[in-house]
Amino acid sequence: MKIILSIDPARGARISFKGLFTAHKRSCMRPSYLWITALLALIPGCTRNTAHPLPNPFSSPMHYKVGPNPSFVAIGDLDGNDIPDLVSVNSGGDSLSLLFGAGNGVFREAVALQVGKQPRSLAISDLNGDGKNDLVVVNNDGDSLSILMAEGKGLFKPPVEIPVGRSPFLVITGDYNGDRIVDLAVVLRFDLLQFLWGRGDGTFIKGETVDPGDTPTWIVASDFNGDKKIDLAVANNGPMSDNIALFLGDGTGHFRPGEKYTTRMRPFFLTAADFNKDGKIDIVVANSTRNTLSMFLGNGDGTFQKAIEFGAEGGPVSAVQADFNRDGMIDLAVANNLSDEVSLLFGNGDGTFHYPPTNLRTGLSPYSVASGDLDRDGLADLVVADNGSNTVSVLLSKKKR
């Protein structure tokens with residue numbers, strides 16, 4: 001095996017391993033991540049041997065001021081005009097910032113709303129069936145959720161706090177018990193997944209609890225076994241689990257434990273999509289403390305193949321998937337908290353990605369990334385919560401010439 005160090009004037013020094021991967025599965029990374037490169041040399045690669053980043057499909061970012069330390073950003077219509085708006089969750093200010101869209105990718109000055117103690121994330125959903133999007137905010141230090149019911153035209157009623165358990169971290173919405181009413185699934189950092197069954201009027205009752213593993217951080221819902229019922233995958237970030245835990249739903253609010261998949265890399269974030277175009281849902285995991293990503297290709301029966309690891313930039317903490325370069329294949333945009341950039345990994349359509357990634361500068365310490373059509377041109381745009389610069393960065397997709 002040869003270790004080759006090369007100097008690229010555009011990107012600096014790079015290192016690659018020759019003679020270890022097959023010709024179509026070599027990988028290269030920056031020397032600041034040499035230790036993780038050495039680790040990846042021991043396991044199969046997930047990338048094709050490509051020498052240069054692909055063209056950037058996005059315009060330069062526009063930065064909007066929000067509250068202190070934004071930790072999460074979401075896209076939704078908050079004022080009922082069918083134009084995408086933005087919500088930033090500001091952990092340092094116990095607040096939300098609402099940015100109302102003009103329809104052309106430009107946003108008005110942020111409107112602040114106070115919520116509970118140290119909010120961490122939120123979900124946007126119509127909780128009472130009145131056609132208006134409401135907000136559910138996770139208060140990590142307050143051990144609660146804040147429910148903000150929409151009044152219309154971008155106005156919300158004062159938040160109602162619901163105690164939910166120790167150190168909530170994430171909430172996702174869905175009909176988990178089959179009654180056609182929006183329910184909540186809340187990840188608690190102290191080793192629980194708490195379900196709250198919706199009553200249909202914006203209030204909730206406690207439902208099932210599930211022990212997913214040690215220090216769960218993220219959850220994604222999809223149909224992993226093809227039975228048309230919601231299943232869940234949970235990232236367990238703690239050293240006692242260090243895995244992805246599957247829970248298969250029966251459609252009535254009960255979830256039976258499925259397989260657990262070890263990453264050995266402290267998984268933090270996960271997202272699900274069909275990355276290899278075989279009709280089965282796959283999972284990509286961001287291992288933030290190890291600067292890697294893991295691809296679990298789905299078998300379609302609720303089980304997954306062994307993880308394929310591939311390199312990431314500094315501190316990957318969030319990712320979103322879409323076809324960003326309009327080639328018919330799913331891509332990833334990864335927020336890298338330590339390197340102040342978002343990495344675009346363009347999909348090859350077989351579960352691998354073009355390397356090296358195309359890196360886009362954002363604000364300081366990006367911590368959350370979301371995608372949607374912000375200017376209504378039919379193309380996927382990006383918005384990033386910049387935790388270190390108290391901004392959100394909006395990156396609009398360039399029009400094809």
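Residues numbered from 1 in each chain as written. Predicted model: local features only at pLDDT ≥ 70, side-chain atom pairs only at ≥ 80, totals over all residues. Heavy atoms only, no water.

*Asks:* Even after reading the chapter, I still don't get the nonpolar core, so can you show me in this structure?
*Replies:* The nonpolar side chains of a soluble globular protein tend to be buried with one another. Of all hydrophobic cores here, the largest spans 64 residues; its most connected members are Leu135, Leu193, Phe195, Leu232, Ile244 and Ile283. Look past the residues within four positions of Ile283 in its chain and what remains in contact with it is Phe224, Ala233, Leu270, Thr271, Ala272, Ser294, Met295, Phe296 and Phe304. (Core = buried A, V, L, I, M, F, W, Y, C linked by side-chain atoms within 4.5 Å. Buried < 20%, exposed > 50% of the residue type's maximum accessible area, 1.4 Å probe, protein only. Contact = heavy atoms within 4.5 Å.)

*Asks:* When you look at the pattern of salt bridges in this model, what are you seeing that I'm missing?
*Replies:* Any two side chains of opposite charge can pair, on the condition that their charged atoms come close. Inspection of every chain in the model, using the stated rule, returns four salt bridges. Linking Asp130 and Lys132 is a salt bridge whose minimum nitrogen-to-oxygen distance equals 3.9 Å. The residue Lys399 makes a salt bridge to Asp377 at a minimum N-O spacing of 3.1 Å. In this pair, Lys399 is assigned in the segment after strand E35 (391-395) and Asp377 in the loop between strand E33 (366-372) and strand E34 (381-386), connecting sequence segments 22 residues apart. Exposure remark for Asp377: the relative accessible area of 26% places this residue in the partly exposed category. Here the salt bridges do not stand alone but share partners, grouping Asp375, Asp377 and Lys399 into one network. (Salt bridge = Lys/Arg side-chain N within 4 Å of Asp/Glu carboxyl O. Helix = DSSP H or I, 4+ residues; strand = E, 2+ residues; numbered from the N terminus.)

*Asks:* Mind showing me how you'd approach the environment of Ile75 here?
*Replies:* Position of Ile75 relative to the elements: it lies in strand E6 (residues 70-76). Accessibility expressed as a relative area gives 24% for Ile75, which makes it partly exposed. Apart from the residues within four sequence positions on either side, Ile75 is in contact with Pro84, Asp85, Leu86, Ile124, Ala370, Ser371, Gly372, Leu374 and Val383.

*Asks:* How should I be thinking about the sheet that holds strand E25 (residues 282-287) in this particular structure?
*Replies:* Two orientations exist for strands paired in a sheet by backbone hydrogen bonds: parallel and antiparallel. The four strands lie next to each other as E24-E25-E26-E27, forming an open sheet whose pairing is antiparallel. At either end of the open sheet lies a strand with only one pairing partner, and these are strand E24 (269-273) and strand E27 (308-311). If you compare each strand with its neighbour and ignore which way they point, the axes differ by 20° on average. (Pairing = 2+ DSSP bridges. Axes fitted to C-alpha atoms, helices over the stretch in contact; angles between N-to-C directions.)

*Asks:* What's the story with unusual backbone geometry in this structure? I'm lost.
*Replies:* Most peptide bonds adopt trans geometry, and most residues besides glycine take a negative phi value. With an omega of 0°, the peptide bond between Tyr355 and Pro356 qualifies as cis. Structurally, the position occupied by Pro356 is in the loop between strand E31 (353-354) and strand E32 (358-361). Its identity is not glycine, yet Ser365 carries a phi of approximately 50°, on the positive side. In this fold, Ser365 is placed in the loop between E32 and E33. The backbone phi angle of Arg376 is positive, close to 60°, even though this residue is not glycine. Locating Arg376 in the fold gives a position in the loop between E33 and E34.

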